[in-house]
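Chain by chain, the residues run as shown.
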Amino acid sequence: MFTRINRLQIELPKSTYADANAAAAVQELLGGKFGEMSTLNNYLFQSFNFREKKKLKPFYDLVASITAEELGHVELVTTAINLCLTGTTHEGAPDITPMQNGVDQRNTYHFIATAQTALPGDSMGKSWSGDYVFNSGNLVLDLLHNFFLECGARTHKMRVYEMTNHPVAREMIGYLLVRGGVHVIAYAKALQIVTGVDVTKMLPIPNLSNDKFDAAKKYEAQGWHRRLYTFSEHDFQDVKQIWKGTHPLDGGQLEVIQGTPAGAPIPDLEAVEETFAPDISYEDFLEIAKRLQKSAGL
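Residues numbered from 1 in each chain as written. Predicted model: local features only at pLDDT ≥ 70, side-chain atom pairs only at ≥ 80, totals over all residues. Heavy atoms only, no water.

Would you mind going over a negative patch on the surface with me for this structure?
A contiguous patch of negative charge, built from Glu91, Glu273, Asp279, Glu283 and Asp284, is present on the exposed surface. Mapped onto the elements of the fold, Glu91 is located in the loop between helix 3 (57-85) and helix 4 (109-112). (Patch = residues over 30% accessible without salt bridge, like charges linked within 9 Å, V, L, I, M, F, W, Y side chains within 5 Å. Areas by Shrake-Rupley, 256 points an atom, 1.4 Å probe, with all protein chains shown as cover. Salt bridge = Lys/Arg side-chain N within 4 Å of Asp/Glu carboxyl O. Lys, Arg positive; Asp, Glu negative; His and termini not counted. Charge placed at Lys NZ, Arg CZ, Asp CG, Glu CD. Helix = DSSP H or I, 4+ residues; strand = E, 2+ residues; numbered from the N terminus.)

See the structure below:
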């Protein structure tokens, strides 16, 4: 089972301007082949289908813990896309063409298929596919695939970071560069325990150093690159048998946190009247409030 917490893993800055094309690029980090929907669903199905969970519990606990974190990453990237899109069009009567700014944006799906919010697809508008999920059932092969998947995801984040300087996108990517590095090292450690081969000698693929990314530096200064969260108050404790020792780049002590990060508030998206979303007038709201009060016996 999953417990849902109504918070983002980190606080995203308030968007000061709209950049729909930045949002289109960030879509790759959500619904692309190496996006967060892919990391989530790869680990989700691997954890569901994991064979001999009891015998190989530390490895199951690792995949299960990272799965839960990836759920939050999907929400974080989605929120960043939404904030980048906020303010692209303006309110007005249909005949003044209030959404004309959407015509010249790279991904018109954001203005037609949704209310200027994220889509479960990539930067070219292609829907995310279950074909991206790899779950062979072979422990070494699945761990090696996950290692490769995280390396590919890191490469894409670095490239999108260089494509846009939008503060919301940069903040989100900086954090995920740090957390993705945790997952790369974690899977490398798991592979070393299973096979006896030091996979860290294959690094960098690309280099895990975040020295060139200002948005990532503060998270490393806070030690985010050395922590692995279980995202459970009681379960998945055996991940400590894998996530231990020192960080390969700074020599700091690795730490397993039983539970979740403190998190930050989720931005409240305002109505976008020109998209008819949520299409609830003030008068409608008052009527709904009356019905809610009556339902609650007030």
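I keep staring at the nonpolar core and nothing clicks. Help me out?
Across soluble globular proteins, you tend to see nonpolar side chains buried next to one another. Of all hydrophobic cores here, the largest spans 42 residues; its most connected members are Leu12, Leu76, Val77, Ile81 and Met172. Where this core is concerned, the elements lending two or more residues are helix 1 (20-31), helix 2 (36-48), helix 3, helix 5 (139-163), helix 6 (167-195) and helix 7 (214-221). Per element, the largest residue contribution to this core is 9 residues, and it comes from helix 3. Among residues more than four places away in sequence, those in contact with Leu76 are Leu8, Ile10, Leu12, Met172, Tyr175 and Leu176. One finds Tyr43, Val63, Leu149 and Val256 within the second-largest nonpolar core, a separate group that totals 31 residues. (Core = buried A, V, L, I, M, F, W, Y, C linked by side-chain atoms within 4.5 Å. Buried < 20%, exposed > 50% of the residue type's maximum accessible area, 1.4 Å probe, protein only. Contact = heavy atoms within 4.5 Å.)

Sorry, what's going on with the packing of aromatic side chains here?
When we look at a pair of aromatic rings, we describe it by the centre distance and by the angle of the planes. Tallying each qualifying case throughout the model produces 12 aromatic pairs. Consider the rings of Phe34 and Phe148, whose centres lie 5.7 Å apart with planes at 75°: the pair is edge-to-face. Here Phe34 is found in the loop between helix 1 and helix 2, whereas its partner Phe148 is found in helix 5, with 114 residues between them in sequence. Summarising the aromatic geometry, the rings of Tyr175 and Trp224 are spaced 5.2 Å apart at their centres and angled 80° between planes, so their arrangement reads as edge-to-face. Taken together, the residues Tyr175 in helix 6 and Trp224 in the loop between helix 7 and strand 1 (227-229) connect sequence positions 49 residues apart. Taken together, the ring pairs connect Tyr175, Tyr219, Trp224, Tyr229 and Phe231 into an aromatic cluster. Geometry around Tyr161 places Arg170 over its ring, the cationic atom sitting 4.2 Å from the centre. The cationic tip of Arg227 hangs over the ring face of Trp224; the distance from NZ or CZ to the ring centre is 5.6 Å. (Phe/Tyr/Trp six-rings, centres within 6.5 Å; stacked < 30°, edge-to-face > 60°. Lys NZ or Arg CZ within 6 Å of the ring centre and 35° of its normal.)

How should the pattern of salt bridges be read in this particular structure?
For side chains of opposite charge, pairing can occur when their charged atoms come near one another. For the coordinates displayed, the defined rule picks out 10 salt bridges. Lys57 serves as the salt-bridge partner of Asp61, at 2.7 Å between the closest nitrogen and oxygen. Of the two residues, Asp61 and Lys57 are both situated in helix 3; the distance of 4 residues between them amounts to about one turn of the helix. A relative accessible area of 1% means that Asp61 is categorised as buried. Across the salt bridge formed by Arg179 and Glu69, the nearest N and O atoms sit 2.7 Å from each other. Of this pair, Arg179 sits in helix 6 while Glu69 sits in helix 3, and the two are 110 residues apart along the sequence. Taking relative accessible area as the criterion, Arg179 reaches 0% and is therefore assigned buried.

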